[in-house]
Amino acid sequence: MTPQDKKNAPDQSPMKSLPLWQRMAYWPLLLTMKGLARMPLGALYPLSDGLAWILRNIVGYRVKTVRENLAACYPDLSQKELKKIEKQFYLQFTDYFFETIKLLHISDEEIKRRMVFDNIELIDSLFDRGKSIVTYFSHTGNWEWAPSVTLWSRYALNNEADFCQVYRPLKNKWFDALFLHLRSRFHPRSFPKHTVFRDLLLLKRDKRLSITGFMSDQKPSHGDPTHVMMFLNRPTAMITGTETVCRRLDMAAIYWDMQKTSRGHYRINVKLLSDDVTKLPPMALTEMYAASLQKTINANPSLWLWSHKRWKIPVTLPQKTDHNEQSIDSSNNPQLER
């Protein structure tokens, strides 16, 4: 099925499967969002400015968490510098909110102007070699626009590979269905975290190439295997399930470095981490991701999701070995780019 065929296919939105009472209860909210989505982004950004001010100064939405995270990660910055990042973060956070709503009504042409992929040839070249791909990504910039990669790869345009993303289901069924609907705008497949290995194994069995995005910068869920290392000046438990999937399914690993070029415009640089993870020592891939992510964050700290309680559960560093001593030292003391 080509992208045009997918556009013309019957609407199979996850929201259609919700009970009628739930759809009716949230109908005014959905109608408001659809109305906002029809407005140009230039008209939405003043609303974003106002909402950012309200969240930070009136509601105080997670202000304590944001300030604690920034102060601990950047102890060498002055209060003035930390306040500047904090203010910019809230502006980015509300921009993300309105830009995500815009997915309800945005053309392929506009999203391609606003979400640009550099080095997309790397993805296609790995597919040419018969390699499926794990994409390490993060809550940076507007991650909800990243599934538009399907508009850039010739494998997606010709339906020669599956473009997938992993998600954590939300407790509220209506919002869960809404976000699945938004994330299906560019026709990727969405796999729940708890079934992703099985889903990718089935694709491999069917000899389907795939690329799957993993948001591996979150706080690990209870019971998740982790690797503790220094990240942003703090002992941090990093999710290791992504590396496990990559190794067990013999997939290549890439990193998406997202930066903001101007308001409403982002650029992702596709970077190779490893085309043969089996040759790397255990946890090396996770450490490579952490180092890459730290560099992305340091380039523009306000773009990362500082309101997330990433370090809610404190951890301590394991006893150093020759391997992890080198990785910890190389990722310590991030320098904020000004």
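Residues numbered from 1 in each chain as written. Predicted model: local features only at pLDDT ≥ 70, side-chain atom pairs only at ≥ 80, totals over all residues. Heavy atoms only, no water.

> Describe in detail the state of the cysteines, supporting the description with residues and values.
This structure, assessed with the given rule, holds 0 disulfides. Sulfur of C164: no disulfide; nearest cysteine sulfur belongs to C246 and is 14 Å away. By relative accessible area, which is 7% here, C164 ends up buried. (Disulfide = S-S within 2.5 Å. Buried < 20%, exposed > 50% of the residue type's maximum accessible area, 1.4 Å probe, protein only.)

> How would you summarise the environment of R113 if you had to cite specific residues and measurements?
Among the secondary structure elements, R113 is positioned in helix 7 (residues 108–114). In the structure, R113 is positioned 153 residues away from Y266 in sequence and 9.0 Å away in space, judged by C-alpha atoms. (Helix = DSSP H or I, 4+ residues; strand = E, 2+ residues; numbered from the N terminus.)

> How would you sum up the pattern of salt bridges? Please name residues and give values.
Applying the stated criterion across every chain yields a total of 22 salt bridges. Close ionic contact of R267 with D118 constitutes a salt bridge, the shortest N to O distance being 2.8 Å. Highlighted residues: R267 in strand 9 (residues 265–274) and D118 in strand 1 (residues 115–118), separated in sequence by 149 residues. Overall, R267 belongs to the partly exposed group, its relative accessible area being 35%. When the shortest N-O distance is used, the salt bridge between R154 and D128 registers 2.7 Å. (Salt bridge = Lys/Arg side-chain N within 4 Å of Asp/Glu carboxyl O.)

> Explain the environment of W145 residue by residue, including any values.
Along the chain, the position of W145 falls in the loop between strand 2 (133–137) and helix 9 (154–157). Separated by 92 residues in the primary sequence, W145 and A237 place their C-alpha atoms 27 Å from one another. Not counting residues up to four positions away in its chain, the partners in contact with W145 are L41, E99, T100, L103, I111, R114, M115, G264 and Y266. A polar contact of 3.1 Å, which involves the side chain of W145, links it to the backbone oxygen of E99. (Contact = heavy atoms within 4.5 Å. Polar contact = N/O pair within 3.5 Å; in protein donor to acceptor, adjacent residues only side chain to side chain.)

> Let's hear about the packing of aromatic side chains: which residues, and what values?
Each aromatic ring pair is characterised by the separation of its centres together with the angle its planes make. Summed over the entire model, instances satisfying the criterion amount to 20 aromatic pairs. Look at W145 and Y266: their rings are 5.7 Å apart centre to centre, the planes differ by 90 degrees, and that puts the pair in the edge-to-face class. Taken together, the positions of W145 in the loop between strand 2 and helix 9 and Y266 in strand 9 put the pair 121 residues apart, joining distant regions of the chain. Considered together, W145 and Y266 belong to a single accessibility category, that of buried residues. Taken together, the ring pairs in this structure connect Y74, F231, W304, W306 and W311 into an aromatic cluster. Its end group placed over the ring of W152, K112 keeps NZ or CZ at 4.5 Å from the ring centre. (Phe/Tyr/Trp six-rings, centres within 6.5 Å; stacked < 30°, edge-to-face > 60°. Lys NZ or Arg CZ within 6 Å of the ring centre and 35° of its normal.)

> Lay out helix 5 (residues 63–73) with the relevant residues and their values.
All of the buried residues along helix 5 are V63, T65, V66, N69, L70 and C73. Burial along helix 5 is one-sided: seen end-on, the buried residues are contained in an arc of 165 degrees. On its buried face, helix 5 is in contact with helix 4 (41–59), helix 6 (79–101) and strand 7 (234–239). (Arc of directions from axis to C-beta.)

> Go over the side chain of D124 with me, naming the residues and quoting the values.
You can see D124 is positioned in helix 8 (residues 121–128). Not counting chain neighbours up to four residues away, the residues in contact with D124 comprise S153, R154 and Y155.

> So what's going on with a positive patch on the surface? Residues and values would help.
Taken together, K16, R23, K34 and R38 make up a surface patch of like positive charges. Within the secondary structure layout, K16 lies in the loop between helix 1 (3–8) and helix 2 (20–25). Judged by its relative accessible area of 52%, K16 is exposed. (Patch = residues over 30% accessible without salt bridge, like charges linked within 9 Å, V, L, I, M, F, W, Y side chains within 5 Å. Areas by Shrake-Rupley, 256 points an atom, 1.4 Å probe, with all protein chains shown as cover. Lys, Arg positive; Asp, Glu negative; His and termini not counted. Charge placed at Lys NZ, Arg CZ, Asp CG, Glu CD.)

> Could you give an account of the environment of S307, with specific residues and numbers?
Looking at the element boundaries, S307 is found in the loop between helix 13 (284–299) and helix 14 (322–330). Note: C-alpha distance between S307 and F191 (116 residues apart in sequence) is 25 Å. Once you skip the residues sitting within four places of it in the chain, S307 turns out to touch Y61, R62, T65, V66, F89 and F93.

> I'd like a rundown of unusual backbone geometry, residues and numbers included.
The phi torsion of most residues other than glycine is negative, and most of the peptide bonds are trans. With a phi angle near 60 degrees, K207 is a residue other than glycine that sits in the positive phi range. Tracing the backbone shows K207 in the loop between helix 11 (196–205) and strand 5 (210–215). For K207, a relative accessible area of 76% puts it in the exposed group. Even without being a glycine, D250 presents a positive backbone phi close to 55 degrees. Here D250 shows up in the loop between helix 12 (241–248) and strand 8 (252–262).

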